[in-house]
Structures are given as C-alpha cells and as structure tokens.
Number of protein chains: 2
Amino acid sequence: MAESRSRRAVGGGDGGGGRVRIEKMSPEVVDSNPYSRLMALKRMGIVSDYEKIRTFAVAIVGVGGVGSVTAEMLTRCGIGKLLLFDYDKVELANMNRLFFQPHQAGLSKVQAAEYTLRNINPDVLFEVHNYNITTVENFQHFMGRISNGGLEEGKPVDLVLSCVDNFEARMTINTACNELGQTWMESGVSENAVSGHIQLIIPGESACFACAPPLVVAANIDEKTLKREGVCAASLPTTMGVVAGILVQNVLKFLLNFGTVSFYLGYNAMQDFFPTMSMKPNPQCDDRNCRKQQEEYKKKVAALPKQEAAQEEEEIIHEDNEWGIELVSEVSEEELKNSSGPIPDLPEGITVAYTIPKKQEDSVAEVTVEDSGESLEDLMAKMKNM
Amino acid sequence: MAESRSRRAVGGGDGGGGRVRIEKMSPEVVDSNPYSRLMALKRMGIVSDYEKIRTFAVAIVGVGGVGSVTAEMLTRCGIGKLLLFDYDKVELANMNRLFFQPHQAGLSKVQAAEYTLRNINPDVLFEVHNYNITTVENFQHFMGRISNGGLEEGKPVDLVLSCVDNFEARMTINTACNELGQTWMESGVSENAVSGHIQLIIPGESACFACAPPLVVAANIDEKTLKREGVCAASLPTTMGVVAGILVQNVLKFLLNFGTVSFYLGYNAMQDFFPTMSMKPNPQCDDRNCRKQQEEYKKKVAALPKQEAAQEEEEIIHEDNEWGIELVSEVSEEELKNSSGPIPDLPEGITVAYTIPKKQEDSVAEVTVEDSGESLEDLMAKMKNM
C-alpha cells in the first residue's frame, strides 16, 4: 500500500517552480493574481463567499479520463484539500484524454497527478493513495481516510467523487458511503464514448447505487477484462471533459451554495440531449446501511417544522410517481410516455433510467441513452459474474 | 507579426521527448498505442472511418480558456493540422482555467500552447500566429492562411473555430468567413462565468454573426476594457471545459460524419439547461457577402433533385417561424411562449435568442441565458462604440 501525504508547509516552495503560495485569496485585478477571475464570481452575484472553497476536502476515486480532469479543475478553483485514490499506471494508450502527458508513461497515476497539480496550485493540500480500494485491507484504510482525512485531520471529507470505470469499484464506494452517511457523486462514461452522466447520492435521501439497478453504468465493462480479449472501450477527450466539467460544476454549486444542484444529469453526445431527474431511495434496497440511512432521514424530516419538511421532501420526491423519478427540466412526462427507446423486459420493481424521446423522422435511430446493445438480462448476468 | 510554421519531418523527433511519431493509426489494443481508444469508435459503430481525422486542418482563433482546451482535445484526437491565432501572453490570472501552467507565465499563448501540444502529440502539424487578426494588415494575412493553410498548402482549412472573448474579433472572423464561404463555429462564455454556447455557421445556409444581433455574446466585454477599470470578468474551468467539450464534439461530428451536428447549443450552468436551436440567415443582413452566399445557397438547393432539396431545407428552416428559430430538442414551442425572461424592447426585425422557460416557483430568478443586467439598447450602444 503505497501512500504519500503532504502538508502545507508555511512559506515552503515544493510546488516545483510554478508559483509561490498565496496565504489569502484576493479579488485584486492584476495579471499576477491566480484567483481574480474566481473572486469575481462574488462581484457578479453568483457566489456569496468564494473563499470558503479553501475549507473543503474532496476525495476523488479513480484518476483516469474523468478523475484527472476533475482533480485539475478543483485544483485550479483553489479547493482546500484533494485526496486521490488510484492503482493504475499512466500509459500511452491514455493520451487520447486530457491531463496526462507522454513523458509520464509508466508513473503511477496518483504520483504523476500530484506532481502536475502541485505545480499548478501549491495552495492545495494533496494526499494520494496508490492502491485498489476494493481489497479488504485497502477498503478499511479507504473508509478511515474518508472519515478522518478532512481539511482538519480527524474530520470527514466533505465529498467523495467516484470517477472509476467498473461496477465493483462503484459498489465499494456505495457501501462505504452508506455506512458512513457520506454524501458522494457518481460519474460515468459509456463504453462507446458518446454518453455519460453524473449523479448526486445523499445516503437515505436520494437513491443509492444499489437502490436501482445501475443500468446506466453497467455498460462500462472494466477495461482490464476487455484488454484480455484484445479489445478496449472507446473514449473521447470531449465526452470525458464534458462529464468532468458538469461534475465539478455540480460540486461547486453543492459546496458554495449557488444555482440548482442536479441529482442526475445525463449527456448524450450523438443528439446533444441532457436529461435531468432525481430518484428517491428504494425502501427494499439490498444495502442494510442504505435502509438505515433512510430511517434516519425520515426522522430528521419529521423533526423539522412542517413547511421546511415539505420543502425538503419536494426536492426529491414526485408524488405521482411510484419510483420517484422526477423530471426536473428538459423532458416532460408526456415526452417520457412517448419515448420509444427499446425498453427491455423488466423484472418486477425495476425501471429503466430513461429513453430518448421520439423526434423528427430522420433523426438517428432511437437508443437508450447508454445503449450497450445488450438486454437487461445480459447486463444483470454480467454484474452477477463480477 | 511573429509567425512560426513547422512541417512534419519524416522520423523527426522535435516533439520534445514525449513520444515518437506514428506513421499510421492502428486499432491494436496495447498500452503503447495512443490511438487504440479512438480507433475503437469504429468497432463500436460510432465512426466509420476514424483515420480520416488526419486529413483535416482546423484554425482556432483565440487560445484562452476555451481555445486552449479545444486545441488540446483536437491534438489528442489526432487532427491533421492546427492553426492557432492569438496575441496575448500567459498570465498567472489565467490559472483558474485548464491548460496553461504557472511556469509559462510571460510566454505568448500560441508559443506556450504549441510547445505543450507538440509534446502531447507530435503527429499533429502546427502553424501558430502571434498577432491580432483585427488590424488591416493582419486581417489580410489571416484571410490568406484560412484560404491556403489547409493540410495541403494552397487548399483552405476545413473549419475555423472562434474562441475569442470580444465582439470585434467575432465580427472579424464573420467577415472573413462570409467572404470566403468558409464554414466556422462560434463559442462563448458569459462574463458571469455560468453560461456559454456554441454555434455552427455555414455561410448562406445558417444565420451568420451579423444576421441577428449577437445578444448572447454581447455581454462578453473585452477583458482589456474591463481591466482598465480594475474589474474583470469571472471565469470557471468547469464552464470553459464544458464549452470546449461540446465545441470539439460538434467538430468531430461535423468532420467525421456521425450523430446530429448542432447549429446552436447553449449551456446554462445554474440550472443545467442546454437549449438547442437553428436559425436561417437574414435576407436583409448588413454583410453583403452573407447576402451573396444566401443567393448561392438558394441556387445550389434549386439545382438539387426535389427530395434532396426538401431535406436540405428541412435541416434549418422551420416553416411556421418567420425568424427561422427551430427548437430541435429540449424546449417545446409552448415552453418558449411561456418563457418569462426579461424580454428587452426590441427594434423591428430583432428577436432575442431565448429565455429560460418558467419552472417551479422556488427556482432561481428567471434570467436571459447570458444575462448581463444591461438592456439591448445599452448593448447596441456599446457595440457601436467598439
């Protein structure tokens, strides 16, 4: 278990010749101020207290095509602390995505990322872990760092971001966050490279990764499995850049309290379609800690004054909809009813995430957003074999 | 007028120690192949001929927050040739966006970008111009490079991308492309950093930048002007990353012929709202070359067999809509009618791009997507003074 931790040294210069550390974020408009364009968000009326960004710690699991760009965006925004988890090495085969460079091939992803990010912004604290979170020993350590690796040691991190490429790692993060009551965000890109999504999971409040069958990410087959067969998933820097961008935008909105935080935002690149929705948790969820968090959330809402409680509920739950799928913006219920994507033969209690609404005659063939060309049964069978 | 041109030398190694050049794109799944994940798009049925990417030349005007990421994405995708135009220097104040690093402060943006990009992918040809395209002399040179700077010298480039931050530079690109009949794409991010857009302009076929008053970008005041007053526009790596991502995705779809190419795609980060539409050109456009291109397009359509002509028309023109605004995906006409953004008092023949449809009661205050808090009159007055 390789591990590297670094603390912010007062006046230190281990940023690698990039720039000196800055003690306090300033709004001053001079060419030498790396924070002027961010602090301007206050004058523009978008964020009331931008400096607060320095008080947050965010853990990123998976430093690949989405995770590395996510880490770079948060670093440039001046986040307080980043914890990075990955066990892969940089390869030339990763050069079709942003961030890593050819001369870094062979380095561990977390080591290469830490070096680059520290150069970009030496004000950020970094803690990197070069291991696979899904093994029993590493899982315990991972849980410990989520609970104690906050900006102040002993406090939990503020947010966990899942930027992994396989089902097992997602389930592992889900298990940890349900047990700890830790808010996290999921992200994913389809195997055919032309769609992706982000999802906010607040244990007990919104559906967890085990509440609904993760149709959307099931098409993401672990690259390791694929490579053995001499094939690989396709990927594009565009799709991964957009997914990282909407993920970090959602993180900023969540942490700095502006705009509308999305519970689910999809991206279909073929048609430039961006569905949003939210899902309430499944009371029969297989994860015992999810059910426990649901009970605690119910108690919390019951203890609130009536109006606040109604507002809290309103945020996620849609009364007319047994499965709690709420269409927040682009897609009307009518459109959903008229949707004509191939709906698989579903076992009881399971519903598809969404299909593309029928459009003009000459539009491309309707597909489910993360179409893998596989039936739900195939996917479920695959998951069981993982 | 600083200029640097570089040709692909056979077997040369001026990529700076990154990786060796690759003569032919291969789909082989090995860690050392930087193109395996892109060539996999063929096996996935997304792109029929990915290698064709190497035959295209793209000019990028403006190598800032959007342009630099756009250039990096195209470089990693293995584009044939990039022509970069900018006259700015890298500053620490740019570090809140992706791409440039602190140690590059003081270098010209095109020089710093060329060095980084060549390291990332030495298979791409680069031609960089460190000048302002809006001066008379440089404009002539710029026109010459658009007409002759294709992959094969003497042929035009395949696409021009506008990633500039001011009205004058956009109008200059528009003038050049109308005169040359050059297809281009526009991009922009609002001064408050939380919205942006991309737009495809095919002279004579879709509305040019002068056809409709560019309400959407008018709020982008030149940073130079702002700086003099000790204030600056806000910017975020997230919004700029998303705009670069949807821009390059549209470029790939356009050049490699897959998916639906968007004529206009907006991004409202506060509400995760992504409107799409298309606009036909204005027969009374002030730009004489736009009117000429419209005539030529009409002749071209008239010469086509009947069915093809109807299909061609269908792509942009919406019969019921005098202004040709066609809502392609998310927003219904009903929603547009119900939109309640502040609609300015418009001079005859002018229409707003769009406003946000009315949503739940407690949603954030309705704003025009690129709300600058200024009236149309203010904006028009400002433009005249430029």
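Coordinates for the structure precede this section.
Everything numeric here is computed off the predicted structure, so don't read it as measured data.

*Asks:* Could you clarify how one ought to interpret the overall build of chain A in this entry?
*Replies:* Summing up its helical and strand segments, chain A has 12 helices and 10 strands in all. With 386 residues in all, chain A has 60% of them scored as buried. A sequence separation of at least 24 residues applies to 66% of the contacts in chain A between residues at least 6 apart.

*Asks:* Honestly, the environment of A:Val189 in this entry has me stumped. Any pointers?
*Replies:* Looking at the secondary structure, you find A:Val189 in strand β6 (residues 184-189). C-alpha separation for the pair A:Val189 and A:Ser235, spaced 46 residues apart in sequence, amounts to 8.2 Å.

*Asks:* Sorry, what's going on with the interface of chain B and chain A here?
*Replies:* Note: interface size is frequently given as the accessible area lost on complex formation between the parts. Contact with chain B, which involves 84 residues of that partner, is made by 83 residues of chain A. Here chain B packs against chain A, burying approximately 7,100 Å² in sum over the two surfaces, 61% of which is carbon and sulfur. Three residues, B:Asp31, B:Arg37 and B:Arg76, lead the burial of chain B against chain A; their summed loss comes to 11% of the area buried on that side. Run the count over chain B and chain A and you get 2 salt bridges. Close ionic contact of A:Asp272 with B:Lys253 constitutes a salt bridge, the shortest N to O distance being 3.4 Å. Counting across the interface, chain B meets chain A through 28 residue pairs in polar contact (both at pLDDT 80 or more). Of all the elements in the fold, those that place two or more residues in the side of chain B that touches chain A are α1 (36-43), α2 (67-77), α3 (109-120), α7 (223-228), α8 (237-256) and β8 (264-268) of chain B.

*Asks:* Sorry, what's going on with the packing of helix α4 (residues 136-148) of chain A against helix α5 (residues 167-180) of chain A here?
*Replies:* When two helices pack together, their arrangement is given by the angle between the helix axes and the distance between those axes. All names here are of chain A. Close contact between α4 and α5 brings their axes to 11 Å; oriented N to C, the two are set at 50°. On the basis of the axis angle, α4 is oblique to α5. Once α4 is placed against α5, the crossing between them reads as right-handed. Residues Phe139, Phe142, Met143, Ile146 and Ser147 of α4 lie in contact with α5, whose contacting residues are Thr172, Ile173, Thr175, Ala176, Glu179 and Leu180. Looking at the contact of α4 with α5 residue by residue, the classes come out as 7 nonpolar, 3 polar and 1 charged.

*Asks:* Looking at this model, I keep getting lost on the pairing of strand β2 (residues 57-61) of chain A. Mind explaining?
*Replies:* Each regular strand displays side chains that alternate between the two surfaces of the sheet. Residue and element names in this part refer to chain A. For β2, the buried fraction is high: 5 of the 5 residues fall into the buried class. Across the two faces of β2 the burial is the same, with Ala57, Ala59 and Val61 and Val58 and Ile60 all buried. Sheet topology places β2 next to strand β3 (residues 81-85); 5 bridges connect them, and they run parallel. What sits directly across from valine 58, in β3, is leucine 82. A crossover connection joins β2 to the parallel β3 through helix α2 (residues 67-77); in handedness this β-α-β unit is right-handed. Inspection of the sheet shows β2 paired to strand β5 (residues 159-162) by 4 bridges, in the parallel sense. By the bridge assignment, valine 61 is partnered in β5 with serine 162.

*Asks:* Teacher, can you tell me more about the relation of the copies chain B and chain A here?
*Replies:* In this arrangement, two copies of a chain are superimposed by a rotation about an axis accompanied by a shift along the axis. Of the transformation placing chain B onto chain A, the axial shift is 0.0 Å and the rotation is 180°, giving an RMSD of 0.0 Å. Here the symmetry operator amounts to a two-fold rotation axis. Interface overlap between copies: 99% of the residues of chain B at the interface are likewise at the interface in chain A, consistent with a symmetric, same-surface contact.

*Asks:* Is there a simple way to explain the pattern of salt bridges in this structure?
*Replies:* Opposite charge on two side chains permits them to pair, given that their charged atoms come into close proximity. Residue and element names in this part refer to chain A. Tallied over the entire structure, the rule returns 26 salt bridges over all chains. The residue glutamate 153 makes a salt bridge to arginine 145 at a minimum N-O spacing of 2.9 Å. Classification of glutamate 153 as partly exposed rests on a relative accessible area of 46%. Among the residues examined, arginine 145 registers a relative accessible area of 5% and is labelled buried. Salt bridges sharing partners connect three or more residues here, namely Lys81, Glu127, Arg145 and Glu153.

*Asks:* Explanation requested: the packing of aromatic side chains in the structure shown.
*Replies:* Aromatic ring pairs are described here by two measures, namely the spacing of the ring centres and the angle between the planes. Residue and element names in this part refer to chain A. As enumerated under the stated definition, the model contains 11 aromatic pairs over all chains in all. Between phenylalanine 85 and phenylalanine 142, the aromatic rings sit 5.0 Å apart at their centres with planes inclined by 90°, giving edge-to-face as the arrangement. Linking phenylalanine 85 in strand β3 with phenylalanine 142 in helix α4, this pair joins segments that are 57 residues apart in sequence. What makes phenylalanine 85 buried here is its relative accessible area of 1%.

*Asks:* What is the right way to look at the pairing of strand β8 (residues 264-268) of chain A in this model?
*Replies:* Residue and element names in this part refer to chain A. Judged by how many residues are buried, β8 sits mostly within the fold: 5 of 5 residues are covered. By the alternation rule, side chains of β8 split into Tyr264, Gly266 and Asn268 and Leu265 and Tyr267, which are all buried. The sheet contact formed by strand β7 (residues 195-201) and β8 spans 5 bridges and is antiparallel. Opposite glutamine 199, over in β8, you have tyrosine 264 as the bridge partner. Examined bridge by bridge, β8 and strand β9 (residues 276-278) share 2 bridges and lie antiparallel to one another. Within the sheet, the bridge partner assigned to leucine 265 lies in β9 and is threonine 276.

*Asks:* Where do I start with the side chain of B:Ser68 in this structure?
*Replies:* Within the fold, B:Ser68 resides in helix α2. Apart from residues lying up to four places away in sequence, B:Ser68 is in contact with B:Val63, B:Leu98, B:Phe99 and B:Phe100.

Criteria and thresholds
- Residues numbered from 1 in each chain as written.
- Chains lettered and ligands numbered in written order.
- Predicted model: local features only at pLDDT ≥ 70, side-chain atom pairs only at ≥ 80, totals over all residues.
- Heavy atoms only, no water.
- Helix = DSSP H or I, 4+ residues; strand = E, 2+ residues; numbered from the N terminus.
- Buried < 20%, exposed > 50% of the residue type's maximum accessible area, 1.4 Å probe, protein only.
- Contact = heavy atoms within 4.5 Å.
- Buried area = accessible area lost by both parts, 1.4 Å probe.
- Salt bridge = Lys/Arg side-chain N within 4 Å of Asp/Glu carboxyl O.
- Polar contact = N/O pair within 3.5 Å; in protein donor to acceptor, adjacent residues only side chain to side chain.
- Axes fitted to C-alpha atoms, helices over the stretch in contact; angles between N-to-C directions.
- Parallel < 35°, antiparallel > 145°, perpendicular 65-115°, else oblique.
- Left-handed = near helix turned anticlockwise from the far one by under 90°.
- Nonpolar A, V, L, I, M, F, W, Y, C, P; charged D, E, K, R; others polar.
- Pairing = 2+ DSSP bridges.
- Right-handed = clockwise from strand over helix to strand, strands pointing away.
- Least-squares fit on C-alpha atoms with pLDDT ≥ 70 in both.
- Phe/Tyr/Trp six-rings, centres within 6.5 Å; stacked < 30°, edge-to-face > 60°.

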